[in-house]
Amino acid sequence: MSIARPRYTVAAITLHWLTAVLIVASVSLGLYMVGLKLSPLKLRLYSWHKWVGVTIFLLVATRLIWRATHAPPPLPAGPRWQQVAAALNHWLLYALLVCIPLSGWLMSSAYGVPVVYFGLIQLPDLVAKHKELGDVLKQLHKALAFTMLALVALHVIAALKHHMMDRDDVLHRMLPLVKPLEERKP
Amino acid sequence: MTFARAAVTVCAVLAASLCSATGAHAGRVTAVDIDKSAIAFVSKQMNVPVEGKFRKFSAQLAFDPAQPSQGRVEVEVDLASIDTGSDEANDEVKSKGWFDVKNHPTARFVSSSVKSLGAGRYEVAGKLTIKGRSKDVTAPFTYKSAGTGGMFEGAFALKRLDYGIGEGAWSDTDTVANEVQIKFRFSGTAASPRQ
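Bear in mind that the values here come from a model prediction, so they are computed numbers and not experimental data. Within each chain, residues carry numbers counting from 1 in the order of the written sequence. Throughout, the order in which chains and ligands are written sets their labels, letters from A for the former and numbers from 1 for the latter. Residues qualify for local features only when their pLDDT is at least 70, as the model is predicted, and side-chain atom pairs are given and counted only at 80 or more; totals for whole chains, interfaces and linings, by contrast, use all residues.

> Can you lay out the overall build of chain B for me, pointing to particular residues and giving the numbers?
The helix count covers DSSP runs of H or I at least four residues long, the strand count covers runs of E at least two residues long, and both are numbered beginning at the N terminus. Within chain B, the secondary structure is distributed over two helices and 10 strands. When the elements of chain B are put in sequence order from the N terminus, they spell out α-β-β-β-β-β-α-β-β-β-β-β. Here a residue counts as buried when 20 or more other C-beta atoms sit within 10 Å of its C-beta, as exposed when there are 12 or fewer, and as partly exposed otherwise, the C-beta atoms being derived from the backbone. Expressed as a percentage of the 195 residues in chain B, the buried residues total 25%. For chain B, contacts bridging at least 24 residues in sequence account for 54% of all contacts bridging at least 6. Whether two residues are in contact depends on their C-beta atoms, placed from the backbone: they are in contact if these lie within 7 Å.

Below, the structure is given as structure tokens:
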């Protein structure tokens, strides 16, 4: 008799990897577009970056609802500081993935450019046009994004460390399209 | 040249004194208080409405709500005074492919007719010249009397490519829409404060 070890649900796995892909897209677009000279391409990329940002925000909101209604699979036994660090990193990432799109939306409003999701749905301007506020929000958006990148790097390194050095199922339970590992018999 | 200018001045003075001689009745406005006036525009980039304005312009007008068809207006806009909301865009739109302000520093509107649409609403038609290209435009507007003056407010849409505004790569209207909304507000006064 073998017992399948618990994995994340299909919904959680889908949301996780979609978010991961969109973060890569969003950061790449963001870093590339800011250096461009004003051109139609630049305006297009800014819009795409904003659409991706709004999508990430919606995905993360959905994930937070998932988290509130599902317990994630338990962590393997290990030092307590690692378990605390893992939880802390997860919650900081959630917080950043909410705050970064929000700061971008506010920045856009402050610069007098509304966000129009997919060119169809115009989001309300939460602040009035105010260039200096826009400059502050731009720095905040950037600082939060670089903080997130550092935490994502930590998150990836930790997952790989579990997978390759500890050889446990921490990464496995979040991988799509794999069969659950079976409980190893002692 | 000097003679022509002198003649114009004499005519203007004559016209002004004629006005006061016949007793400008309440409601007729003959000048514009620029500080209380505004010319703004809304362009759409990737379907995102972005508002901008012109900081410098001048306007001459005469309007009497009792005889709207006698109304006339001339507006001259200093295109280099454009404020799009970002320095980068301000520089860009002054360049050759956009307004080409070096060769065409001003845009000009000269009315040809004004008619009443009823209930305080009117319509002005005339020629708008930008970048050396003239097009007929009509703009509905409202007029509200206040004291000895009154406020004109209106809007109309123009197609930027009709005037060659945003050529080359920028002529792609999927990114920057062809249609640009122009909004104006002019504070009319009974007499020019400068005279």
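Still to come is the rest of the account.
> An account of the interface of chain B and chain A is requested, with residue identities and associated values reported.
Contact residues are listed per partner, giving 17 residues for chain B and 12 residues for chain A. Going through the elements one at a time, strand E2 (48-54) and helix H2 (87-94) of chain B are the ones with two or more residues in the side of chain B that touches chain A. In terms of residue count, E2 of chain B provides more of the side of chain B that touches chain A than any other element does, four residues in total. All amino acids are sorted into three groups, where Ala, Val, Leu, Ile, Met, Phe, Trp, Tyr, Cys and Pro are nonpolar, Asp, Glu, Lys and Arg are charged, and the leftover types, Gly among them, are polar. When the residues that make up the side of chain B that touches chain A are grouped by side-chain class, the tally is eight nonpolar, five polar and four charged.

> Talk me through the sheet that holds strand E5 (residues 82-83) of chain B; I want residue IDs and the actual numbers.
What the 10 strands build is an open sheet, ordered E3-E4-E6-E7-E8-E9-E10-E1-E2-E5 (chain B); its pairing is antiparallel. At either margin of the open sheet sits one strand with a lone partner, and together these are strand E3 (57-62) and E5 of chain B. Pairing between two strands is assigned when DSSP locates at least 2 bridges connecting them.

> I'd love a proper account of helix H2 (residues 40-69) of chain A, names of residues and values included.
For H2 of chain A, built from 30 residues, the straight-helix expectation of 44 Å at 1.5 Å per residue is met to within 8% by its first-to-last C-alpha distance of 44 Å. Restricting attention to buried positions, one finds in H2 of chain A the residues Leu-43, Tyr-46, Ser-47, His-49, Lys-50, Trp-51, Val-52, Gly-53, Ile-56 and Val-60 of chain A. Where the residues of H2 of chain A are buried, they touch helix H1 (10-33), helix H3 (80-110) and strand E1 (116-117) of chain A together with strand E1 (31-45) and E2 of chain B. Take the residue count of a helix, subtract one, and multiply by 1.5 Å to get its expected span.

> Let's hear about the nonpolar core: which residues, and what values?
In these notes, a nonpolar core means any group of buried Ala, Val, Leu, Ile, Met, Phe, Trp, Tyr and Cys residues linked to one another through C-beta atoms within 7 Å. One finds Ala-59, Val-75, Val-77, Val-124 and Phe-141 of chain B to be the most contacted residues of the largest nonpolar core, which totals 32 residues. If you list the elements that add at least two residues to this core, you get E1, E3, strand E4 (72-78), strand E6 (106-118), strand E7 (121-130), strand E8 (133-146) and strand E10 (179-189) of chain B. If we ignore the near neighbours within four places in the chain, the residues touching Phe-141 of chain B are Tyr-122, Val-124, Phe-152, Glu-153 and Gly-154 of chain B. Ranked by size, the runner-up nonpolar core spans eight residues in total, among them Ile-23, Trp-51, Val-52 and Leu-97 of chain A.

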